[in-house]
Amino acid sequence: MPYYPIFLNLEGRRCIVVGGGEEAASKVRGLLESGARVVVTSGFLEPGLAQLAQRNEVEWVPRAYEPGDLEGAALVIVACSEPEVKRRVAAEARALGVLVNAVDLPACCDFISPALVRRGGLVLAVSTGGRSPALARLLRERLEKEYDAAYGPYVEILGRARRQVLERVPNVEARRAVLHAMARDEAVLDLCRQDSRAEAEERLMRLLDDAVTAGGGRP
Ligand SMILES: C[C@@]1(CC(=O)O)c2cc3[nH]c(cc4nc(cc5[nH]c(cc(n2)[C@H]1CCC(=O)O)[C@@](C)(CC(=O)O)[C@@H]5CCC(=O)O)C(CC(=O)O)=C4CCC(=O)O)c(CCC(=O)O)c3CC(=O)O
Ligand SMILES: NC(=O)C1=CN([C@@H]2O[C@H](COP(=O)(O)OP(=O)(O)OC[C@H]3O[C@@H](n4cnc5c(N)ncnc54)[C@H](O)[C@@H]3O)[C@@H](O)[C@H]2O)C=CC1
């Protein structure tokens, strides 16, 4: 059965990572980027995680996983090496209705991790449904080249312009037309690549003004 792809809002939600090695650290970083309240359960922490715990950016439970640890959690990622621990945590998570990812053990996963390209608000996620993580990685590497760092500010600027369109162009068709015109104007992306963000924004505002004067909206 194909997986159902979603983007979760984890801001302020309690998320548990079981394990304190490299893989756990990478999952913790991803969760922190989404504003989750992260709890790491592991007797040992690799140096990066130890630093996060010291700065109170994650809560550290300094012992092996115990039943009851998932209380109040939205989600748990099991990133330790022992398949038996993965199975135990996954069984408890499922009994409690807590979403679970057991790294590299898809039979124990409610959700699996995609390969990611993050450019500010723009996120490109690739999954093969577990068929070939190596292919997911290869495609991510290709996408990384095509969708360069300029897409971060570019999407920010498009988002700001869109909010203005929503305020000033009440007519639904005119609104759609101008939003599509904005997204298709490749010069805006080029200006972001040249770090000329003010000019990029001006270009979008001209498209908005044109739509307003053409009768689509409020001056
Ligand atoms: C099901 C899933 C469950 C999950 O863990 O969530 C899973 C499962 C398994 N991975 C395995 C192996 C490898 N995983 C990678 C890499 C990544 N694996 C990731 C996700 C996922 N891996 C989920 C499905 C993703 C999808 O839908 O395609 C990525 C995308 C994201 C991430 O890990 O965060 C990240 C790339 C990130 C990036 O580079 O951008 C590489 C390549 C490499 O490391 O270079 C290899 C070796 C090559 C190969 O096997 O293809 C094994 C066998 C382990 C063994 O040999 O024992 C299993 C277990 C099994 O297949 O049963
Ligand atoms: N290191 C990597 O780059 C990758 C690792 N993986 C997978 O991720 C998993 C973890 O990998 P690593 O981080 O490298 O392993 P690791 O061996 O460095 O870390 C495992 C961690 O789990 C902790 N742990 C063990 N039993 C525990 C328990 N009962 N409760 C809480 N914590 C416990 C250990 O203290 C240790 O900190 C493995 O299954 C590995 O196959 C997958 C892809 C890449």
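Our structure's up above, just so we're on the same page.
The shown structure was predicted, so the numbers you read here are calculated from the model rather than taken from an experiment. (Residues numbered from 1 in each chain as written. Chains lettered and ligands numbered in written order. Predicted model: local features only at pLDDT ≥ 70, side-chain atom pairs only at ≥ 80, totals over all residues. Heavy atoms only, no water.)

1. Digging into the overall build of the protein chain
A count of helices and strands for the protein chain gives 8 helices and 7 strands. The dimensions of the protein chain, computed from C-alpha atoms along their principal axes, are 65 × 40 × 35 Å. Within the span of the protein chain, comprising 219 residues, buried residues form 38% of the whole. Long-range pairs, those at least 24 residues apart, make up 52% of the contacts in the protein chain between residues at least 6 apart in sequence. Measuring between centres, the 30 positive side-chain charges of the protein chain sit 3 Å from its 31 negative side-chain charges. (Helix = DSSP H or I, 4+ residues; strand = E, 2+ residues; numbered from the N terminus. Buried < 20%, exposed > 50% of the residue type's maximum accessible area, 1.4 Å probe, protein only. Contact = heavy atoms within 4.5 Å. Lys, Arg positive; Asp, Glu negative; His and termini not counted. Charge placed at Lys NZ, Arg CZ, Asp CG, Glu CD.)

2. What about the sheet that holds strand S2 (residues 37-41)?
Taken in spatial order, the 5 strands line up as S3-S2-S1-S4-S5 in an open sheet, and their pairing is parallel. Looking along the sheet, the strands with just one partner apiece sit at the ends: strand S3 (59-61) and strand S5 (99-102). Averaged over all pairs of adjacent strands, the angle between strand axes in this sheet comes to 20 degrees, irrespective of strand direction. Pairing between strand S1 (residues 14-18) and strand S4 (residues 75-78): 4 bridges, direction parallel. Across the sheet, residue Cys 15 finds its bridge partner in S4, namely Leu 75. Those strands touched by helix H3 (residues 83-96) are S1, S4 and S5, and its axis lies near 170 degrees from that of S4. (Pairing = 2+ DSSP bridges. Axes fitted to C-alpha atoms, helices over the stretch in contact; angles between N-to-C directions.)

3. Some words on the site of ligand 2
Taken together, 19 residues form the shell around ligand 2, and within it Gly 20, Glu 23, Tyr 65, Ser 81 and Lys 86 come nearest. Between Ser 42 and ligand 2, the recorded distance is 3.3 Å, taken from a side-chain N or O atom to an oxygen atom. Out of a free accessible area of 830 Å², ligand 2 has 65% covered by protein chains. Among the elements of the structure, helix H1 (22-33) and H3 are those that each provide at least two residues to the shell around ligand 2. (Near = heavy atom within 4 Å. Polar contact = N/O pair within 3.5 Å; in protein donor to acceptor, adjacent residues only side chain to side chain. Areas by Shrake-Rupley, 256 points an atom, 1.4 Å probe, with all protein chains shown as cover.)

4. Brief notes about helix H5 (residues 151-168)
Residues three or four positions apart in an α-helix share a direction because the helix packs 3.6 residues into each turn. Given a rise of 1.5 Å per residue, 18 residues ought to cover 26 Å, and the 25 Å separating the end C-alpha atoms of H5 matches this to within 8%. Looking at H5, one finds that the buried residues are Tyr 151, Gly 152, Pro 153, Tyr 154, Ile 157, Leu 158, Ala 161 and Val 165. (Expected span 1.5 Å × (residues − 1).)

5. Looking at the state of the cysteines
One pass over the full model with this rule turns up 0 disulfides. In this model Cys 109 remains outside any disulfide bridge; the closest cysteine sulfur is found in Cys 108, 7.1 Å from its own. (Disulfide = S-S within 2.5 Å.)

6. Let's talk about the pairing of S5
With 4 bridges joining them, S4 and S5 adopt parallel strand pairing. Pairing of Val 76 across the sheet is with Val 100, part of S5. One crossover worth recording links S4 to the parallel S5 by way of H3, and it is right-handed. (Right-handed = clockwise from strand over helix to strand, strands pointing away.)

7. Some remarks on the packing of H5 against helix H7 (residues 186-193)
Contact geometry for H5 and H7: axes closest at 9 Å, N-to-C directions at 130 degrees. Classified by the angle their axes make, H5 and H7 are oblique. In terms of crossing hand, the pair formed by H5 and H7 is right-handed. Touching Tyr 151, Pro 153, Tyr 154 and Ile 157 of H5 are Val 188, Leu 189, Cys 192 and Arg 193, all from H7. (Parallel < 35°, antiparallel > 145°, perpendicular 65-115°, else oblique. Left-handed = near helix turned anticlockwise from the far one by under 90°.)

8. Overview of the pattern of salt bridges
Inspection of the entire model under this criterion finds 16 salt bridges. A salt bridge links Arg 160 to Glu 201; its shortest N-O distance comes to 2.7 Å. Here Arg 160, found in helix H5, pairs with Glu 201, found in helix H8 (residues 197-216); they are 41 residues apart in sequence, far enough to count as distant. Taken together, the salt bridges that share partners define one network made up of Arg 63, Glu 66 and Asp 69. (Salt bridge = Lys/Arg side-chain N within 4 Å of Asp/Glu carboxyl O.)

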